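Now for the letters of each chain:
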Amino acid sequence: MPAVAPAEFPPPFDSADVIGPPTDAPEDRIEVGVAIVGGGPAGLACANKVLQLLEDEPELTEKLGEVPVAVIEKGKVAGAHLLSGANMKPSAMEELFPDLPKEEWPVYQEVTKDAVYLLTKKAALPLKPMPPNFKNHGNYVTSVSKLGRFLAEKAEEAGAYILSETAATKLLVEDRIVKGVRSGDRGRGKEGEELANFEPGSDVVAKATVLAEGTVGHLTYAAYDYFDMHGADPMRWELGVKEVWEVKEPLDRVIHTMGWPLRKSPRFNEFGGSFIYPMGEDKICIGLVAGLDYTDATFSVHDALQLLKTHPFIKKLIDGGKRVAWGAKTIPSGGYFAMPKRLAVPGMVVAGDAASMVNVPTLKGVHYAMHAGMYAAETIVDSLKQDIDSVNFEAYDEKVRKSLIEKDLKQSRNMRQPFSKGFFMGGAIASAMTITKGAFPGGHWSQEHDSEVKMDLGKAGKTYPKADNELTFNKLDSVFLSGNATRDDAPNHVRIQSHVPREVAQTWVSMCPAQVYEIPEDQLENGAAEVDVHVTASNCVQCGAITAKGGRLTLPEGGDGPLYQET
């Protein structure tokens, strides 16, 4: 069968459908000062900084009303949907909470030792000297879900309203000025019908709106279309699957690996590696990250992680241990050239992962998100202090462009692209870029959207081990471990074409770590060239990978999805 790109089968989704003016009567609208969409590092750093600045601005605080800052978070609690490998640089925490002792930070430990290994099928070869982009001395191992809860507690103590279990499903725009967001309906059935407990959404109008939605921004990407904000290159992603293990022997260092089980040939385009971090004396996390521009429709990051754990080096680390947590999330990997060409439009700013603020070579994004949130807060307070009706937040762009975010991402602007030439050639070119801080080879190495990569039915799927429920596990058992409690009769929030070439369907089936997509058994057996795709949306952990590979993830009912505790 010929290879086919998922982009040829676009999802039934139109950005214009989630943008429009307020519809509630003025007296029924919820009025807030600053509306922040997303209870992650960017949004919560913004909330905390706004409230810190308002301590010295009583007149502005009064003008912002009874709710000066509202954080709209779709998870059951702040942190419920947050996942990352998280070796956090301390700069943002130090700036946001300068008087807080590090002993009170939500971290496991400071990194004092690092190691990087090249894996073959049986061996682990230490890389010395270690690639400089993997050095983590002085950083802190943290759980981003715990960090989210911590930042939310601090924001609430300062006076923020955390509207958890609330999905922001529509961007309110009037005369091309962002006025806030609309919350999603609750209590609809599988076909969208109103159930007995139905509650309509509400217009949340604000003086300023901050979109900090994270990796796959539902409203953010619609805003990019509407306001023509897209960067020079399209957004692109990697997918990370992570497990937390209780172990008998503590780990004394941060470990990264590259090579096996990812294939090195450029025709497979399997880019990525693993991370293994200590989490105190009795836990470690193991994760595998892979770019979503691979070409084999049977490739699965979840199953590749299960295969990775069978390696003697990895298996020894978790021998006799117990898996206690699991999760999956996309990571923006487009870098500098995928950042939007502007970060502010009238009434609104964008911060964090949805603005491609991730340094892929160093696996860092948390501190960039927090710094961006603080820059947004400073800009909004300065602007509203001058004029409470101001919608001009363009100074935020300048703050970001003059910051470490711009500096770091520009230096690593082309380091992801060379790996399309294969592991060894890509590694050599990326090393030259690292040494010269992006100057050589210079220029702009363009990149395509992950969904434009043509997929064929390869053989990766034949190499994965069967679940033994001790070392290796299947997808459904893993979803259970994520704390996902989405009701079975909830409306489908995944947008895909339901009848597609087998290569596209198999891509979605294999890619999804939560077993959301399924091809009917009879169509698998008869080798049909085009197949149906059945969707079990209640399995979804909202990793966002479907948006990268030809579909579109929209928002489920508020509160649905995973309930991560320490991922």
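Scroll up a little and you will see the structure.
Residues numbered from 1 in each chain as written. Predicted model: local features only at pLDDT ≥ 70, side-chain atom pairs only at ≥ 80, totals over all residues. Heavy atoms only, no water.

Focus on the sheet that holds strand E8 (residues 140-142)
And then number 1: Read across the open sheet, the 3 strands follow the order E4-E8-E5; overall the sheet is antiparallel. Single-partner strands in this sheet number two, and they are strand E4 (87-88) and strand E5 (107-110).
And then number 2: Pairing analysis gives 3 bridges linking E5 to E8, with the strands arranged antiparallel. Counted as the bridge partner of Val107 is Thr142 from E8. (Pairing = 2+ DSSP bridges. Helix = DSSP H or I, 4+ residues; strand = E, 2+ residues; numbered from the N terminus.)

Examining the packing of aromatic side chains
And then number 1: Using the criterion set out here, one finds 11 aromatic pairs in the structure.
And then number 2: Measuring from ring centre to ring centre gives 6.0 Å for Phe97 and Phe150, while their planes differ by 85°; the resulting arrangement is edge-to-face. Separated by 53 residues along the polypeptide, Phe97 in the loop between helix H3 (91-96) and E5 and Phe150 in helix H4 (residues 144-158) bring together distant segments of the chain.
And then number 3: Among the residues examined, Phe97 registers a relative accessible area of 10% and is labelled buried.
And then number 4: Of the residues examined, Phe150 reaches a relative accessible area of 12% and is grouped as buried.
And then number 5: Taking NZ or CZ as reference, Arg323 lies 3.9 Å from the ring centre of Phe473, over its face.
And then number 6: Directly above the ring of Tyr294 sits Lys549, whose terminal nitrogen or CZ lies 4.7 Å from the centroid. (Phe/Tyr/Trp six-rings, centres within 6.5 Å; stacked < 30°, edge-to-face > 60°. Buried < 20%, exposed > 50% of the residue type's maximum accessible area, 1.4 Å probe, protein only. Lys NZ or Arg CZ within 6 Å of the ring centre and 35° of its normal.)

Some details on helix H5 (residues 218-227)
For an α-helix the count is 3.6 residues per turn, leaving residues at separations of three or four pointing the same way.
And then number 1: By the criterion of burial, H5 is predominantly enclosed, with 8 of the 10 residues buried.
And then number 2: Those residues of H5 that sit buried are His218, Leu219, Thr220, Tyr221, Ala222, Ala223, Tyr224 and Phe227.
And then number 3: Directly after H5, the chain includes Asp228, whose backbone phi takes a positive value near 55°.

Overview of helix H10 (residues 404-411)
And then number 1: Those residues of H10 that fall on the buried side of the exposure criterion are Ile405, Glu406 and Leu409. Looking down the long axis of H10, one finds its buried residues gathered within 95° of arc, a one-sided arrangement. (Arc of directions from axis to C-beta.)

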